[in-house]
Structure formats: C-alpha cells, structure tokens
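# Commentary on secondary and tertiary structure
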Amino acid sequence: MKVSGFIWLLLWFTFVTAGCWGQTLRQEAERDGILVSTAARLPPLSEPAYAATLAREFNMLEPEDAMKWAALRPDERTFDFREADALVRFAVEHKMKVRGHCLTWGRNNPDWLMQGHFTSNQLSRLLHEHITRVMEHYSGQVFAWDVVNEALEEKGTVRGSIWYDQPGIGFAGQGTAHIEQAFRWAHEADPKALLFYNEAEGEWMNRKSDAIYAMLKDFKQRGVPIDGVGLQMHIPFLEADTYGIAANIARLAALGLQVNITELDVSLPLDSNSMVRAEDLLRQAEIYRAIVRACLNSSNCTAIQTWGFTDKYSWIGSHSRGTRGQALPFDRIYRSKPAYRAVLDELSAGRSQSR
Ligand code: 9MR
C-alpha cells in the first residue's frame, strides 16, 4: 500500500471508531493528568487499525519486549536499538510518553549471557554497562524505567537468578543488595528518569507484597534512589481483591512512592471454539473498573497500563495454550469491549469520584 493510502485508511479508521463515544481514554485521562498506557509491539504497527487505536486511546506506551536484553543484545558487544527506537519514534510522533521495560530480569535473557559461564565480576560489569548504555541512549525520551523486574518469589524470598546467585553480580546471599545496586547504577546513568521496581502477584496484601513493602521501606530509609512500584495486575481468575489493592497502594504512598499499574489484563476461560461467555465479559469489565477506580482514588497512582490492548496480540493465548484469552479491552478486530467502556467511564468520572 502506498504511504498516502495508508494515511487515508488510518484517518478513516480513526474517524469511524472514535465516533462511538466521542471521547477516548487518553482524552479523559489527560483531564486528570493520568497516564493511560499499553504495552506495544513493533510488527503490528504496520496495521492501520493497530496504529490508529494505539495513538488515539493512549498517552503513553511501553515496548512489550523490544527493550529486554534478548531484543537489545544479540551478542556481548552489540546493542541493537532499532526495534525499540521505532516504537519510541511512534510515541514521539503521537505525543505519547514512553515507559521502559526492563533493565534487569532473570528471564528472557539471551543465550550468550545465560550460557556464557561469566564470573560475578564479569556479570557485574555487563549489567552496569547495559544499564548505563541503554539509559543514556533513551535519556530524555524514556521518562520512567522498570529497573528490576520480578526479583522476588511468591513467598517473598529473593528469587534465584543470574543476577542474584547464579552466580550473581557479587551479592549472592545478601538479600536485596543486588537489586539496590541496579537502582544505584540506574540513577547514575540517568538522574532524571523515574526508577521503578516491577513485580507480579504482589498487587494486594500477601507475602510477596509484604516483602516488596519491606524492601522498599528499607531502600527509602537508606536513600536508595527509587521512585515507584509497578504492580503488574495480570488477573487470571475473574476475581480481584480490590480492597487489598487499595490498601497496598496506600501503604506504598505512605513511603512516598508512586504506583503504576503496569501490566493489567483479565483473562477469560475459552471454550473449545475459543469463545467466552457473555457474563464473563461483563464480570471482566467490572474488574477493570474496580482496578482503575482503585488507582484513581490514590493520588500516588500515576499510570494505568494494560498489557497490550487488542486480543489479537496478547501473551495470554500462547502462555495458556489456548485455554484462556480475550483479556484486553479491544477484541481481535479492534472493537471495544465492555471492559473498554468501564475504563472510559471511570476515567471520565476522574480522580475526585469516590465509590
Ligand atoms: O508479553 C511478553 C511476551 O511477549 C514475552 O514473550 C515474555 C518473555 O519476554 O514476556 C511477556 O511479558 C512479561 C513481562 O515482560 C513481565 N511480566 C510478565 C509478562 C507476561 O509474561
């Protein structure tokens, strides 16, 4: 398709779909200074409907995979920023902020790193170099980073990883010291960036969120540079403890930390024809609504981000081997679902509405 044809199609799609309710998520969010965001992938950006929906509905994006080690580091010496740069360009063109994900994670690392038999000294040098080069490359463009992702176990203990104890960067057996080191390097690399710890399964009150809280309280008391916590919010059971979420956000606020909802999706059971029940779509919408409301009611909750926006591109399908899906606010052909309407309603009601 010629470029002009593509642009016309984009405009047409934007016009037709935005007309449904007049307002978009980003328009409603901007009135309250909230960031409404989504994880984004590069290949589908060439689809007019994907690009149009992304630009129309969201004022921030986060590359879903393009800023991970596996994407940026084809080998020990090379940094390949092309895919991530293209997503950042799209964001800049559409006046969207960019959140970076993620500088340190035990998973999704390239084979050369995992199987390289590096010593702790070498790993320490590699991680320091990675954090510095990547943050400097995106300085002024990526305003907030997940510096460390998923470093704790469900029971709250420190998770074994190449960065912690296999063999680690020099702090094996020393609790959260390797996490602290990553934050210190990140702050040196880009002192203006907001630095987040991002975690799964610690959204409401449980052993993991207690451990996150204890770690961050210690970090704040000792002046470790950290600005916030990402609560991932992958909801797989059609129920969410929204009172617990609110209480957890409140205790993090008391430490002076921002909270971002970073990976929200609510997956549904699929039948053998990959269909969902109508009542599950409505229940899903209510869960989206309650989580958005919990964020809006907490002034330290500054961003609401879904993990993708269309059911056409979601990690849930392959991860659940096709047994779950339809987790996002738009269906596979970019029609909005009840969950979208619920999020839009809450954003329209704004921060001041307490329900
Ligand atoms: O959605 C992401 C998927 O495309 C990747 O294959 C996978 C491994 O890198 O990561 C998925 O995203 C994860 C995120 O980076 C961290 N929290 C859990 C997310 C879902 O697994």
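For the structure given in this document, a descriptive report is provided here. Keep in mind that this is a model prediction, so the values were computed, not measured.

### Looking at the packing of aromatic side chains
Counted by the stated rule, this structure contains twelve aromatic pairs. On the numbers, 6.2 Å between centres and 90 degrees between planes, the contact of Trp112 with Phe118 is edge-to-face. When sorted by exposure, Trp112 lands in the same class as Phe118, which is buried. Among the aromatic side chains, those forming a connected cluster through ring pairs are Tyr50, Phe58, Phe309, Tyr313, Phe330 and Tyr340. For Arg73, the ring lying beneath its charged end belongs to Phe79, and the centroid distance is 3.9 Å.

### Regarding the nonpolar core
Counting residues in hydrophobic clusters, the biggest one holds 100 residues, and the most contacted among them are Leu54, Trp145, Phe183, Tyr197, Leu216 and Leu347. A total of eight residues in this core trace back to one element, the largest contributor, which is helix α11 (residues 278-296). In this structure, Phe183 is in contact with Val147, Val148, Leu195, Phe196, Tyr197, Phe219, Val224, Pro225 and Ile226, ignoring residues within four places of it in sequence.

### Thoughts on the packing of helix α10 (residues 242-254) against α11
Viewed as axis vectors pointing N to C, α10 and α11 meet at an angle of 20 degrees, and their least axial separation amounts to 9 Å. Classified by the angle their axes make, α10 and α11 are roughly parallel. Taken as a pair, α10 and α11 cross one another with a handedness that is right-handed. Side by side, α10 and α11 meet where Thr242, Ile245 and Ile249 of the first sit next to Ala290, Ile291 and Ala294 of the second. Each residue belonging to the contact of α10 with α11 can be placed in one class, and the counts come to five nonpolar, one polar and no charged.

### Some details on the side chain of Glu199
Secondary-structure assignment places Glu199 in strand β5 (residues 194-199). With relative accessibility at 1%, the residue Glu199 sits in the buried group. Ignoring anything within four residues of it in the chain, the contact list for Glu199 reads Glu150, Ala151, Leu152, Lys208, Ile212, Gly230, Leu231 and Gln232.

### Regarding the state of the cysteines
By the definition in use, this model includes one disulfide. Each sulfur of the disulfide joining Cys295 and Cys301 lies 2.0 Å from the other. The sign of the S-S torsion, about -100 degrees, decides the handedness of the disulfide formed by Cys295 and Cys301: left-handed. When sorted by exposure, Cys295 lands in the same class as Cys301, which is buried. Its sulfur unpaired, Cys102 is 20 Å from the next cysteine sulfur, which belongs to Cys301.

### Focus: the site of the ligand
Every one of the 14 residues lining the ligand counts as a neighbour, but Glu64, Asp65, His101, Glu150 and Glu263 are closest to it. The separation between an oxygen atom of the ligand and a polar side-chain atom of Asn108 is 3.1 Å. Among the cavities detected, the one that contains the ligand is the largest pocket. Broken down by class, the residue content of the shell around the ligand amounts to three nonpolar, five polar and six charged.

### With respect to the pattern of salt bridges
One pass over the full model with this rule turns up 26 salt bridges. Put simply, Glu199 and Lys208 hold a salt bridge, and the shortest N to O gap is 3.0 Å. Judged by relative accessible area, which is 1%, Lys208 ranks as buried. Residues participating in the shared-partner salt-bridge network are Glu286, Arg289, Arg293, Arg341, Asp345 and Glu346.

### Quick word on the layout of surface pockets
Roughly 1200 Å³ of internal volume is contained in the largest pocket. Glu150, Ala200, Gln232, His234 and Trp315 are the residues nearest the centre of the largest pocket, which is lined by 50 residues in total. At the level of elements, β3 (97-105), β4 (142-149), α8 (177-189), α9 (207-221), β7 (234-235), β8 (258-266) and α12 (316-319) are the ones that each hand at least two residues to the lining of the largest pocket. Within the lining of the largest pocket, the residues separate by chemical class into 18 nonpolar, 14 polar and 18 charged. Approximately 320 Å³ is the volume attributed to the second largest pocket. Around the second largest pocket, the lining comprises 19 residues; the ones closest to its centre are Leu270, Asp311, Gly325, Gln326 and Arg332.

Parameters and conventions
Residues numbered from 1 in each chain as written. Predicted model: local features only at pLDDT ≥ 70, side-chain atom pairs only at ≥ 80, totals over all residues. Heavy atoms only, no water. Phe/Tyr/Trp six-rings, centres within 6.5 Å; stacked < 30°, edge-to-face > 60°. Buried < 20%, exposed > 50% of the residue type's maximum accessible area, 1.4 Å probe, protein only. Lys NZ or Arg CZ within 6 Å of the ring centre and 35° of its normal. Core = buried A, V, L, I, M, F, W, Y, C linked by side-chain atoms within 4.5 Å. Helix = DSSP H or I, 4+ residues; strand = E, 2+ residues; numbered from the N terminus. Contact = heavy atoms within 4.5 Å. Axes fitted to C-alpha atoms, helices over the stretch in contact; angles between N-to-C directions. Parallel < 35°, antiparallel > 145°, perpendicular 65-115°, else oblique. Left-handed = near helix turned anticlockwise from the far one by under 90°. Nonpolar A, V, L, I, M, F, W, Y, C, P; charged D, E, K, R; others polar. Disulfide = S-S within 2.5 Å. Near = heavy atom within 4 Å. Polar contact = N/O pair within 3.5 Å; in protein donor to acceptor, adjacent residues only side chain to side chain. 1 Å grid on protein atoms, 1.4 Å probe; cavity = no way out; pocket = protein on both sides within 12 Å on 5 of 7 lines; lining within 4 Å. Sits in = over half its atoms within 2 Å of the grid points. Salt bridge = Lys/Arg side-chain N within 4 Å of Asp/Glu carboxyl O. Points joined across faces, edges and corners; volume = space filled by probe spheres on them.

These results come straight from atomic positions and should not be treated as a statement about function.
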